[in-house]
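Analysis of the macromolecular model
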Amino acid sequence: VWPPVRGADWRGRKLLVTAGPTRAYLDPVRFISNASTGLMGFCLAEAAAARGAEVVLVAGPVGLDTPRGVRRIDVETGAQMLDACGRELGSGEVDLVAMVAAVADLIPAEPATRKVGKEQVLDAFASMRWEAEVDILATLTARCHASPEAKTRFLGFAAQTVDEAEAPRAEDVETELRRLGAAKLERKGCDALFVNRVGVPGLGFGSSTNAGLLMFADAETLDAGEPRPKQTLAHWLLDQLAARWWSDEV
Ligand code: CTP
Ligand code: CA
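Residues numbered from 1 in each chain as written. Chains lettered and ligands numbered in written order. Predicted model: local features only at pLDDT ≥ 70, side-chain atom pairs only at ≥ 80, totals over all residues.

1. A few points about the overall build of the protein
Within the protein one finds six helices and 14 strands. Computed over C-alpha atoms, the radius of gyration of the protein comes to 19 Å, within 12% of the 18 Å expected from 2.2 N^0.38 for 250 residues, which places it in the range of a compact globule. With respect to the principal axes defined by its C-alpha atoms, the protein has extents near 65 × 50 × 40 Å. Here the protein holds 250 residues, and the buried ones make up 35% of them. Residue pairs in contact within the protein that sit at least 24 positions apart in sequence constitute 65% of those at least 6 positions apart. (Helix = DSSP H or I, 4+ residues; strand = E, 2+ residues; numbered from the N terminus. Rg over C-alpha atoms; globule rule 2.2 N^0.38 Å. Buried ≥ 20, exposed ≤ 12 C-beta atoms within 10 Å, placed from the backbone. Contact = placed C-beta atoms within 7 Å.)

Now the structure itself:
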C-alpha cells in the first residue's frame, strides 16, 4: 500500500528541512556547485508533512515541485541558507532540523561583481582566492546549545565515498562509514547523522534509491538495509527518529 498508513504521528511537530545544492558564484553568471538533485530532502519534507508535521523546506536550486503541505523558501548560496534557517529557528519552536542540503565547501573570497569576459577569465579566475563556506549545521547546533532551554534536535546527512581498494569487503565498507560518521557527528555537534555511500550505482546523488547508516550521538547505529526508494527511506528515517526521541510522549 502506498503511501503507507502511519496516521498523523508527526502532528504537532515542526521540521526544518534543507535540500539541494548551494552555489558559490565566481561572478554574476558563473558558479560552482555539486551534483545534489534535492530528492532526498524533498522526500523527507513530503513524508513528514503527510504524517502531520508542520514543514519548512529551505531549498537550493533544484528542479522539483514543492511537496503538498510544505512551506518552501528558495535560496542559492550557503549564506542565504544559513540566514533562512536562522530566521526559522528564531521564530518559534522547531523540533527537528534535517540538514539534507549539499552545501558548497568553498566560496570565492572576492567574487567579481561584473561578468568577466572570456579574454580575462584566466587572469581573473586562475589565481582566485578561496575561503571556506560557513558551516551551517555546526553554526546552528552551536547556537542552539548556547540556549539551554532549546529542545531542537539536529539530523545531518553525510555522503561519503569509500575506496574499493581500501575496503574490498562489505564489512570493511561499513566499518569505514562508521568511522567517518562518528567523527563527523562529533564535529558537527548534531544528535544524529545519516551516512550514505556515494560513487556506486543505486546510492546517493542523482539516484532514486538510497541506503546507509543512521548514527545517533547517544545510541546505537541503525542500518537502513538494502537500497530502496528515497520516499520509503524518508518514512523509515521518520519512524526511527520518532521512536528514539519522542516515543515516551503522548
Ligand atoms: N553542512 C553544512 N554547512 C556546510 C557543509 C556541510 O551545514 N558548509 C552540513 C550538510 O548539510 C550535512 C552535514 O553538514 O548535513 C555534513 O556535510 P558534509 O559535506 O558531509 O560534511 P563536511 O563537514 O562539509 O565535510 P566533508 O565535505 O569534508 O566530508
Ligand atoms: Ca562538504
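2. Section: the site of ligand 1
Near ligand 1 there are 14 residues, and of these Met99, Val103, Ile136, Leu137 and Gly156 occur at the shortest range. Contributions of two or more residues to the shell around ligand 1 are made by α4 (136-146), β9 (153-160) and α5 (170-188). With three residues, β9 is the single largest residue contributor to the shell around ligand 1. Residues belonging to the shell around ligand 1 are distributed by class as follows: seven nonpolar, two polar and five charged. (Near = placed C-beta within 6 Å. Nonpolar A, V, L, I, M, F, W, Y, C, P; charged D, E, K, R; others polar.)

3. Concerning the packing of helix α2 (residues 78-90) against α4
At a minimum axis separation of 10 Å, α2 and α4 run at an interaxial angle of 25°. In terms of axis orientation, α2 runs roughly parallel to α4. When the axes of α2 and α4 are compared, the crossing they make is right-handed. Counted together, Gly78, Met81, Leu82, Cys85 and Leu89 of α2 and Ile136, Thr139 and Leu140 of α4 form the full contact between these two elements. (Axes fitted to C-alpha atoms, helices over the stretch in contact; angles between N-to-C directions. Parallel < 35°, antiparallel > 145°, perpendicular 65-115°, else oblique. Left-handed = near helix turned anticlockwise from the far one by under 90°.)

4. Description of the UniProt feature "binding site: CTP" (unreviewed entry) in the protein
UniProt annotation of "binding site: CTP" (unreviewed entry) refers to Asp105, Lys115, Phe157, Lys184 and Lys188 when read in the numbering used here. Taken together, the annotated residues stretch across 84 residues and extend over separate regions, lying up to 37.2 Å apart by C-alpha. For Asp105, the position within the fold is in the loop between β6 (96-99) and β7 (106-108). Excluding anything up to four places from it in sequence, Asp105 contacts Ala132 and Glu133. Residue placement: Phe157 occurs in strand β9. Once residues within four sequence positions are removed from consideration, Phe157 is found in contact with Met99, Val100 and Phe194. (UniProt positions renumbered as here; feature names shortened; annotations may be inferred.)

5. Brief notes about the nonpolar core
In this structure, Val17, Leu44, Ala45, Ala48, Val55 and Leu155 are the most contacted members of the largest nonpolar core, which totals 60 residues. With 10 residues, the single largest contributor to this core is helix α1 (residues 39-50). Discounting residues that sit within four places of it in the chain, Ala48 has contacts with Trp10, Leu15, Ala53, Val55 and Leu238. (Core = buried A, V, L, I, M, F, W, Y, C linked by C-beta atoms within 7 Å.)

6. Overview of helix α6 (residues 230-246)
Its 17 residues place the ends of α6 23 Å apart at the C-alpha level, agreeing with the 24 Å of an ideal helix rising 1.5 Å per residue. Taken together, the buried positions of α6 are occupied by Lys230, Leu233, Ala234, His235, Leu237, Leu238 and Leu241. (Expected span 1.5 Å × (residues − 1).)

7. Thoughts on the confidence of the model for the protein
Per-residue pLDDT for the protein averages 93, and the proportion of residues at 70 or more is 98%. Per the prediction output, this complex has pTM 0.95; the corresponding ipTM is 0.98. (pLDDT = per-residue confidence, 0-100.)

8. Notes on the pairing of strand β4 (residues 54-59)
In terms of burial, β4 is a largely internal element, five of the six residues being buried. Note that strand β1 (residues 14-19) and β4 share six bridges and pair parallel. Residue Ala19 lies in a different strand from β4, and its bridge partner there is Ala59. In this structure, β4 lies alongside strand β5 (residues 70-74), joined through five bridges in parallel fashion. Opposite Val58, over in β5, you have Ile73 as the bridge partner. (Pairing = 2+ DSSP bridges.)

9. What about the sheet that holds strand β10 (residues 192-197)?
Taken together, the eight strands give an open sheet; going across it, the order is β5-β4-β1-β6-β9-β10-β12-β13, and neighbouring strands pair in mixed fashion. Bordering the open sheet on either side are β5 and β13 (222-223), each of which pairs with just one other strand. In terms of strand pairing, strand β12 (residues 213-216) meets β13 through two bridges, oriented antiparallel. Each residue of the ladder has a partner; that of Leu214, found in β13, is Leu222. α2 contacts β1, β4 and β5 of the sheet and is inclined by roughly 180° relative to β1. Its contacts with the sheet place α4 against β6 and β9, and it is angled at close to 160° to β9.

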